[in-house]
Amino acid sequence: MTLTTVIEMDDGARLRTWTAGSAVPERCPVVMVHGGPGVPDYLAPVAGIIDDLCLVHRYDQRGTGGSAWEGEHTIARHVRDLASLLDAWGHDRAVLLGHSFGTNLTGYFLLAHPARVAGLVQVAGPFLEPWREADRAAQRARRTDEQQARLDELDAIGARTDAEEIEYLTLSWFTDHADRTRAWEWALASARTLRPVNYTMNAQLNAAAKADPLASHVDELRECLPPGAVIIGGAGDSRPADALRRLGTRLGREVVIVPDAGHFPWLEARDQFGTVLRAAVERQTRRAG
């Protein structure tokens, strides 16, 4: 059973949240932080892999999905939201599970509130520079010339129709998947369900992350990492797995690369990903508790 609630932040913003699983005295809860930035939560399938182990929370970040809000998006504001959610749920500490850009947010939260992070699982990120050029090259190789031309054409349109936006997002996202036979199907499903994309939020948070990259805080992160923190990536992600390995080496933490998986490893390698994820959550929630 999943409980949906709305929690008010200190500035009046109201964030939609979900809670599944049961509170277990000897285990800390898990809080999931989705990526984007600018799309609502999509981590319900991941929560379903671990919600028999502990309490699992998810939420729509402000400005997305059921958390309608307009204003300037900053890393500090989103870090404050996560701290406020922990307070509202009654948790002094939690194991954070971030995906994609959510791994960056969990990293910034760790820097700001190390005592509140009992464990850390980061999936498909954060990537240590340089990686963007390799990512762009891999994405381009997965598109035909016709698909790339159509993507460029749609990108130039100032106000796309719903049909055009779905096509644009599908062309943008299907390169995330290693399984080329199902990549379009998965990207199309996401394009249909994760709209509307908050492009302003996307631009503002990406710019903020570039202005103050996590890579510049590696020494600080290494000092405050909780025991057992792990990075999980997909060998078939367009973003290079080596960028995860290099970060893991610098942080002195475990990195697990799942074969035959892309940016969303629970889609292409659910069993392998699930085994790795459950082991990490069991280890970190118990240790924290």
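Residues numbered from 1 in each chain as written. Predicted model: local features only at pLDDT ≥ 70, side-chain atom pairs only at ≥ 80, totals over all residues. Heavy atoms only, no water.

Section: the sheet that holds strand β3 (residues 30-33)
One open sheet accounts for eight strands, arranged β1-β2-β4-β3-β5-β6-β7-β8; its pairing is mixed. The sheet is open, and its two edges are formed by β1 (2-8) and β8 (254-258), each paired on a single side. Strand-to-strand twist in this sheet, taken as the mean axis angle between neighbours without regard to direction, amounts to 20°. (Pairing = 2+ DSSP bridges. Helix = DSSP H or I, 4+ residues; strand = E, 2+ residues; numbered from the N terminus. Axes fitted to C-alpha atoms, helices over the stretch in contact; angles between N-to-C directions.)

Notes on the packing of aromatic side chains
Summed over all chains, the structure comprises five aromatic pairs. Between F127 and W131, the ring centres sit 5.2 Å apart and the planes meet at 35°, which makes this aromatic pair tilted. W131 matches F127 in its accessibility class, with the two residues each being buried. Aromatic rings pair up to connect Y42, F264, W266 and F273 into one cluster. Positioned above the aromatic ring of W69, the side-chain terminus of R62 is 4.4 Å from the ring centre. (Phe/Tyr/Trp six-rings, centres within 6.5 Å; stacked < 30°, edge-to-face > 60°. Buried < 20%, exposed > 50% of the residue type's maximum accessible area, 1.4 Å probe, protein only. Lys NZ or Arg CZ within 6 Å of the ring centre and 35° of its normal.)

A few points about the pattern of salt bridges
Per the counting criterion, the structure on display carries 23 salt bridges. The shortest N-O distance in the salt bridge between E165 and R160 comes to 2.7 Å. Linking R239 and D237 is a salt bridge whose minimum nitrogen-to-oxygen distance equals 2.9 Å. Per residue, the accessibility class of R239 equals that of D237, and both read buried. (Salt bridge = Lys/Arg side-chain N within 4 Å of Asp/Glu carboxyl O.)

Considerations on the side chain of T64
Here T64 lies in the loop between β4 (56-59) and α2 (75-89). When its relative accessible area of 2% is taken as the criterion, T64 is described as buried.

A few points about the nonpolar core
Ranked by size, the top nonpolar core spans 43 residues in total, and within it M32, I50, W266 and L277 carry the most contacts. In this view, L277 contacts V46, I49, I50, L97, V121 and I232; residues no more than four positions away in its chain are not counted. Membership of the second largest hydrophobic core comes to 42 residues, among which are M9, V79, L120 and A241. (Core = buried A, V, L, I, M, F, W, Y, C linked by side-chain atoms within 4.5 Å. Contact = heavy atoms within 4.5 Å.)

A word on the packing of helix α6 (residues 162-173) against helix α7 (residues 183-193)
For the pair α6 and α7, interaxial distance at closest approach is 8 Å and the crossing angle is 135°. For the element pair α6 / α7, the angle class is oblique. Between α6 and α7 the crossing geometry is right-handed. Touching I166, L169, T170, L171 and W173 of α6 are W184, A187, L188, S190, A191 and R192, all from α7. Split into classes, the residues belonging to the contact of α6 with α7 amount to eight nonpolar, two polar and one charged. (Parallel < 35°, antiparallel > 145°, perpendicular 65-115°, else oblique. Left-handed = near helix turned anticlockwise from the far one by under 90°. Nonpolar A, V, L, I, M, F, W, Y, C, P; charged D, E, K, R; others polar.)

What about the pairing of β8?
Pairing of strand β7 (residues 230-234) with β8 involves five bridges; the strand directions are parallel. Bridge pairing in β8 links G234 to V258.

Some thoughts on α2
With 15 residues, α2 should cover 21 Å at 1.5 Å per step; its first-to-last C-alpha distance of 21 Å lies within 8% of that length. Along α2, eleven of the 15 residues are buried, which leaves the element largely enclosed by surrounding structure. Taken together, the buried positions of α2 are I75, R77, H78, V79, D81, L82, A83, S84, L85, L86 and W89. One or two residues past the end of α2 sits G90, with phi positive at roughly 80°. (Expected span 1.5 Å × (residues − 1).)

Here's the deal with the environment of A94
Position of A94 relative to the elements: it lies in strand β5 (residues 94-99). Sequence separation between A94 and D155 is 61 residues; the distance between their C-alpha atoms is 40 Å. Those residues in contact with A94 that lie beyond four places of it in its chain are P29, V31, L86, R116, V117, A118 and G119.

Quick notes on α6
Between its first and last C-alpha atoms α6 spans 16 Å; for twelve residues at 1.5 Å apiece the expected length is 16 Å, and the two agree. Looking at α6, one finds that the buried residues are E165, I166, Y168, L169, T170, L171 and S172. Those residues of α6 that are buried are in contact with α4 (132-142), α5 (145-155), α7 and α8 (199-211).

So, the state of the cysteines
Within the structure shown, the criterion is met by zero disulfides. With no disulfide of its own, C54 lies 9.1 Å from the sulfur of C28, the closest cysteine sulfur. Cysteine C224 shares no disulfide, and the gap to the nearest cysteine sulfur, in C28, comes to 17 Å. (Disulfide = S-S within 2.5 Å.)

Treat this as a map of the structure, not an account of what it does.
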